[in-house]
Amino acid sequence: MSTASSSAIAPFLESRSSRQLYHDRTLALLSTLAATSSPQTTSLLTLPNHPTHSSERRSTSTFLLRPPSSEELSVLLDPSLCNCRLVNPNVEIRLMYRVAGNGEGKSMAKWDLSAALKEQVRNNGFGGEWLILGVLLDGPDDATTTTATASSSAASALSNVAGLSNNTLLSECILEPGSSLHDNSEVSRTHVMKHASIVGCGSVTCPRSVVEASRKKCRFDMQRGSMDVEVGPEAGGGRLVRVCVESTLVDVCRDLNMDSGVTLAPLVPQPPTPKHDDVPAIPMNSLAPRSSLLHTPTAAHVALLPHSTIRSAQSVLSALLLPHAAISWGVTASHALLQWDATLTSHSDAHRVFLMERSEVGPHSFTANAIYGPDAHVSGGEVHCTVFGPNANGHHQSLLIGILWPLGRGNVGYGSNVGSNHTGRIPDQETSVGEGTFWGLGSVIKFPVDLTHAPYSIVAAGVQLPPQRITLPFSLITDGPNNMNLLTPGWLLHYSPYTIARSEVKFANRRMAKRHDFYTGWKILRAGVMDMLVDARESLLSVGRRQQQQQQQSGGEGTSGNRAPASAVQVYKTDKAI
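Quick caveat: nothing in here was measured; it's all calculated off a predicted structure.

(A) Local environment of the overall build of the protein chain. Scanning the protein chain for helices and strands turns up 12 helices and 42 strands. Each of the 578 residues in the protein chain was classed as buried or not, and the buried ones make up 53%. Excluding contacts between residues fewer than 6 apart, the proportion of contacts in the protein chain whose partners are at least 24 apart in sequence is 45%. Looking at the protein chain as shown, the accessible area adds up to about 24,400 Å², and 53% of this sits on carbon and sulfur atoms.

Structure, rendered in structure tokens:
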């Protein structure tokens, strides 16, 4: 791999390493808990400091895990103090707190944490078989917990308060010192790290049944951050794409065999397959530092990286969010991978979807089995079994089914129906779309259609496009006589070159996904597009020559020389001018 390629994919590989660090942290704590031979055992555990904590002076910190003393347990259960309850009388509680320095673990194991417990723990129910309860101490561990998604709301104010309050049931959780859990009905099988928060939620769980069902449905693997997405024909039997949360569109196209064999290896290699492809012994939700899960009735099998948030969603099952990603405001989502700054929002339904950096779905959108490229936006429409490329937009009520649009950069007008089941059979067809295609208002596209060699073409308002393949770039497609389509080759080049110049500036300004910038910043008039123009010109010349031969054979006068029709001549002149 060249130095330039290594530099380009470095953020993706760093993200994978960061995810693995958080996963290893959970495993280390679970292993320490499992290795405890007696409920009264005290353990010391050294963990790497979170990479997001730039204020840490050391790369690692040592934590002490021990059962509460009789005095501390009395404080926890005293109605006038912490007012907590043991839902399961046999639950094994472990207090977790940070050791101040080297060699101080033995002496700190005898510290009485009653005062800290009274400040940080109030009105909770403890159940399950075990619970790791973090306690934030003064000194090197002293910190004010804040979240990047905080606002002036009451929920955000609570998420800034380290500790536990008003949780009906906390069961089999790892709640690190500095975590915030307030006003939740149930939190179980969840690892909440320092500065992370869960506030005002209903059920936050990670049952084995959900993990197994996700793996069976689409091979969803939280550790590897991968799953299968089926694009193309909606009826099934289409194209199965194995995506990782750090995948690029280059990797997706390679998996779909759409790169003409140029890319010999994945740009971002898939993580290695585990030796045992089964469900972890103790499946866990994971909230990394400064992530938040707020006011969501149901969340199961989720992993949030730093500064990501699930806020006021309806239900979220099997979702992995990279930093600054968000699922919010009434969304119902399952089997979702979100890259940096990706967003699912405002009463949208999303199932088996992969959103790349800075892409957004919502408000009021319905999508399933879809891959969204960087900077792609959809709102108010339906998108199914589709690859929706970079800088593509669908801001109105419309329908896309079985669309392969890897180069994106187009627009879907209001009322467009790109996915008509016109045959009366099952939806077993797909459409391949060229870069920059504009679907006009109310257009109806009957499958199969191939526009990959007609980039930056416009399908005019109300046009019905029957199954066909078009290889004339920059064309205008309108209704013609006898229910046929009328194609004007090169219309955009000849009549509206300003649009091309404006689009170059527009795409550059809207290209916010900086990690994907190394392959999404291509020019419109580049070598590959010019080759398509040359091919189109030769095709039209060939048509002109055949027409002349037919006229001569029929006794007509014909035309002098090998001349193409007048409309084609306009394309040639425009092409030569460029």
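(B) Structural context of the environment of V433. By the secondary structure assignment, V433 is in the loop between strand 34 (431-432) and strand 35 (438-439). Counting along the chain gives 30 residues from V433 to I403, while the straight-line C-alpha distance between them is 7.0 Å. Among all residues touching V433, those that are not within four sequence positions of it are I403, L404, W405, P406, W439, L451 and T452.

(C) Expanded view of helix 6 (residues 208-218). Inspection of helix 6 places V210, V211, S214, R215 and C218 among the buried residues, and these make up the whole buried set. Looking down the long axis of helix 6, one finds its buried residues gathered within 130 degrees of arc, a one-sided arrangement. The exposed set on the far side of helix 6, more than 90 degrees from its buried face, consists of K216 and K217. Elements that come into contact with the buried residues of helix 6 comprise strand 14 (226-231), strand 15 (239-244), strand 18 (298-304), strand 20 (315-321), strand 22 (332-338) and strand 24 (349-355). Positive backbone phi, at 55 degrees, marks R219, one or two positions downstream of helix 6.

(D) A look at the pattern of salt bridges. This structure, assessed with the given rule, holds 16 salt bridges. Taking the shortest distance from any N to any O, the salt bridge between E72 and R66 comes out at 2.8 Å. A relative accessible area of 1% means that E72 is categorised as buried. Judged by its relative accessible area of 5%, R66 falls in the buried class.

What counts as what
Residues numbered from 1 in each chain as written. Predicted model: local features only at pLDDT ≥ 70, side-chain atom pairs only at ≥ 80, totals over all residues. Heavy atoms only, no water. Helix = DSSP H or I, 4+ residues; strand = E, 2+ residues; numbered from the N terminus. Buried < 20%, exposed > 50% of the residue type's maximum accessible area, 1.4 Å probe, protein only. Contact = heavy atoms within 4.5 Å. Areas by Shrake-Rupley, 256 points an atom, 1.4 Å probe, with all protein chains shown as cover. Arc of directions from axis to C-beta. Salt bridge = Lys/Arg side-chain N within 4 Å of Asp/Glu carboxyl O.

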